[in-house]
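Given next are the chains, with one letter for each unit.
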Amino acid sequence: MGLETGSSSKALRAPPPPREDTPLLGEPQALSSQSKTFANVFIAIVGAGVLGLPYSFKRTGWLMSLLMLAAVAGLTHHCMMLLVYTRRKLESVSGFSKINSFGDLGFTVCGPSGKFLVDILIILSQAGFCVGYLIFIGNTMADLINFSPGILGMVPKSFYIWGCLPFQLGLNSIATLTHLAPLSIFADVVDLGAIGVVMVEDVLVFLKQRPAVKAFRGLSVFFYGIGVAIYSFEGVGMVLPLESEMKDKDKFGKVLALTMAFISLMYGGFGALGYFAFGEETKDMITANLGAGLVSTLVKLGLCVNLFFTLPIMMNPVYEIVERRFWGGTYCLWLRWLLVFFVSLVALLVPNFADFLSLVGSGVCCALGFVLPPLFHFLVFKDEMGWKAWSLDVGIGVLGIVLGVSGTWYALLEIFSANA
C-alpha cells in the first residue's frame, strides 16, 4: 500500500538520507536529574581500562601514577567543559542548528573536514576499545582453561579470539541499540561487582605479603603511564549528549567535576591496591594475579562475558559513521562483519593488554580529549579571548600533540619489543 502525499502523511514519510551535516543523535529523551547525570557520566567513562591500572602503577611507580591520574582527570574535565562552552556559544547565535554530538560540533566549527576528523578518531578509539576487550577475553580464558600444544595449530589466546568471532558476527548484526540495552545494564553491574571483589582480594593479599613497591620509576616510563591514564578517562565523545539530557544545565560542570573526582579516587585506590598486593609480580591484567579459587574464577568469567556483550555496543558508533559515509546511512551487514573481522585480527597481533591501552590512549584519546576541544574553543572564542585564555587553549593543544606523538612512539616500541 502506497503512502499518500498529503500534509497529514508527513509523519509517515521515510527520513531523508543522512548528509554530512545530519546530526548523529536524535531528539533528547526525558531530562536527567543531577544524580542520574552523575551515574551516566560514571558509566560513560569507567570501563575495562581500569584492569590495566595496577600494571601501570608497577611500571611508573605508585606516587607517579597517582599524580598522573589526578592531572589527567583535571585536564579531561577542563577539556570536556570547553566543548560544552563552545556548543552553548554557537547555539546562542541565530542560524545554527541543534548541536547534539562531538561530530556535529566539528562540522559547525570546521565544516566537513572537522566532522571527518572527529569521525576518524571516534572510529579508531571505539575499535581500539573493542580490540582491548578481545585481548582481555583471549588472555583471561587462556589463563582459566589452558591447553597444550594447542588446537588446530593455534595458541590458546588465538583459539578463544577466533572462537568469539562467529558469535560476535551474530551480535553485531543487530541493527538497533534498543535490543542491546539489557546487555549494557548487565555489563555495568558486572564491572562494578568485579572491581569491588578485586579490591577486597588485593587488600587480603597485601595484608599477608606486603611486597616491596616503588613510588617513582623515572621519566623514561612517563609517556607509558600517561597513555594508560588518558585511556582510562576517555569519554569526551559523550559529554555533549549527557549535558543535553541534564535538567539543570547550569550545574553540569559541578556534577562532572564531582564525578571525575570520584572516579579518580576509585582508579587510584584500585591501581594502588593491586600494585601494593602483588608488587613486581603484578600482571598486565590484574585478574591474572588472582588465585584459582571459585570467586576469582567467577570474576574472570563474569568480566569476559561482560566485555563479550559490551563489544557490539561499543562498535555501534563505528557502524553509524561507516554506514553513513559508505552506504548512504542504511544498514549494511557485510560492512559490519568486515569491521568485526578486522578488530579480531588486530587483537591477535597485540600481545599485551596494558601496552595496547597505552597506544590507544596516546594515539587516539589524546587527540579527542586534549587537542580538538581547545582547538574548537579557540576558533569560536578567539575574537573575545584575552592572551591568558588564548595561551591556555594553545598550550593544552600543543601538550596534547606532544603527549600523543611521544606516547604513541613509546607504546609502539613496547609492543614491537614484546613481539620480537
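Please refer to the structure placed before this passage.
S.K.: Just to check I follow, could you spell out the overall build of the chain for this structure?
M.R.: Scanning the chain from terminus to terminus reveals 14 helices and 0 strands. The secondary structure elements of the chain, listed N-terminal to C-terminal, are α-α-α-α-α-α-α-α-α-α-α-α-α-α. Residues classed as buried in the chain amount to 51% of the 420 residues present. Residue pairs in contact within the chain that sit at least 24 positions apart in sequence constitute 83% of those at least 6 positions apart. Put simply, the chain shows about 19300 Å² of open surface, and 70% of that area lies on carbon and sulfur atoms.

S.K.: I would appreciate a short explanation of the environment of Lys157 in the present structure.
M.R.: Here Lys157 lies in helix α6 (residues 156–171). Lys157 sits in the buried class, given a relative accessible area of 12%. Sequence separation between Lys157 and Ala347 is 190 residues, and the spatial gap between their C-alpha atoms is 9.7 Å. Beyond its immediate sequence surroundings of up to four residues, Lys157 is in contact with Gly138, Asn139, Ala142, Ala347, Leu348, Val350 and Pro351. A polar atom in the side chain of Lys157 sits 3.2 Å from the backbone oxygen of Ala347.

S.K.: Help me out: how do you make sense of the layout of surface pockets in this one?
M.R.: The rolling of a water-molecule-sized probe over the atoms marks out the regions of remaining empty space. Approximately 270 Å³ is the volume found for the second largest pocket. In terms of lining, the second largest pocket is formed by 14 residues, of which the most central are Leu124, Ala127, Gly128, Val131 and Phe342. Among the elements of the structure, α5 (112–144), α11 (294–326), α12 (333–349) and α13 (353–381) are those that each provide at least two residues to the lining of the second largest pocket. The dominant element in the lining of the second largest pocket, judged by the number of residues it contributes, is α5, at 5 residues.

S.K.: Mind showing me how you'd approach the pattern of salt bridges here?
M.R.: If charged atoms from side chains of opposite charge come close, those side chains can pair. Under the definition given, this model contains 10 salt bridges. In this structure, Arg217 engages Glu280 in a salt bridge whose closest nitrogen and oxygen atoms are separated by 2.3 Å. In this pair, Arg217 is assigned in the loop between α7 (181–209) and α8 (222–232) and Glu280 in the loop between α10 (252–278) and α11, connecting sequence segments 63 residues apart. Using a relative accessible area of 40% as the deciding quantity, one classes Glu280 as partly exposed. Across the pair Asp248 and Lys251 runs a salt bridge whose closest N-O atoms are separated by 3.8 Å.

S.K.: Help me understand empty space enclosed by the protein in this model?
M.R.: On inspection of all chains with the given rule, the structure shows 4 cavities of 30 Å³ or more. For the largest cavity, the calculated volume is near 60 Å³. Residue assignment for the lining of the largest cavity shows that the elements contributing at least two residues are α1 (34–45) and α7. In terms of residues, the lining of the largest cavity owes the most to one element, α7, which gives 3 residues. Residues that form the lining of the largest cavity fall into these classes: 4 nonpolar, no polar and 2 charged.

S.K.: I tried to follow the environment of Trp390 on my own but got confused; where do I start?
M.R.: Of note, Trp390 is situated in helix α14 (residues 387–419). Sequence-wise, Trp390 and Phe378 are 12 residues apart; in three dimensions their C-alpha atoms are separated by 7.0 Å. With residues up to four places along the chain from it excluded, the contact list for Trp390 reads Phe378 and Met385.

S.K.: Could you clarify how one ought to interpret the environment of Met314 in this entry?
M.R.: Here Met314 shows up in helix α11. Along the primary structure Met314 and Ser125 are separated by 189 residues, whereas in three dimensions their C-alpha atoms are 9.7 Å apart. Filtering out sequence-adjacent residues up to four positions away, Met314 remains in contact with Gln126, Phe129, Cys130 and Tyr133.

S.K.: Got a minute to help me understand the packing of aromatic side chains in this structure?
M.R.: The description of an aromatic ring pair uses the distance of the two centres, along with the angle that the planes make with each other. Using the criterion set out here, one finds 16 aromatic pairs in the structure. Residues Phe42 and Phe262 carry aromatic rings whose centres are separated by 5.9 Å and whose planes lie at 50 degrees to one another, so their mutual orientation is tilted. Within this pair, whereas Phe42 is found in helix α1, its partner Phe262 is found in helix α10, the two being separated by 220 residues in sequence. Overall, the relative accessible area of 11% leaves Phe42 in the buried class. Where Trp327 meets Trp334, the ring centres are 5.7 Å apart and the plane angle is 85 degrees; that geometry is what we call edge-to-face. Among the aromatic residues, ring-to-ring pairing joins Trp62, Phe206, Tyr275 and Phe276 into one connected group. When the ring centre of Tyr224 is taken as origin, the NZ or CZ atom of Arg59, which lies over that ring, is 4.4 Å away.

The rules behind the values
- Residues numbered from 1 in each chain as written.
- Predicted model: local features only at pLDDT ≥ 70, side-chain atom pairs only at ≥ 80, totals over all residues.
- Heavy atoms only, no water.
- Helix = DSSP H or I, 4+ residues; strand = E, 2+ residues; numbered from the N terminus.
- Buried < 20%, exposed > 50% of the residue type's maximum accessible area, 1.4 Å probe, protein only.
- Contact = heavy atoms within 4.5 Å.
- Areas by Shrake-Rupley, 256 points an atom, 1.4 Å probe, with all protein chains shown as cover.
- Polar contact = N/O pair within 3.5 Å; in protein donor to acceptor, adjacent residues only side chain to side chain.
- 1 Å grid on protein atoms, 1.4 Å probe; cavity = no way out; pocket = protein on both sides within 12 Å on 5 of 7 lines; lining within 4 Å.
- Points joined across faces, edges and corners; volume = space filled by probe spheres on them.
- Salt bridge = Lys/Arg side-chain N within 4 Å of Asp/Glu carboxyl O.
- Nonpolar A, V, L, I, M, F, W, Y, C, P; charged D, E, K, R; others polar.
- Phe/Tyr/Trp six-rings, centres within 6.5 Å; stacked < 30°, edge-to-face > 60°.
- Lys NZ or Arg CZ within 6 Å of the ring centre and 35° of its normal.

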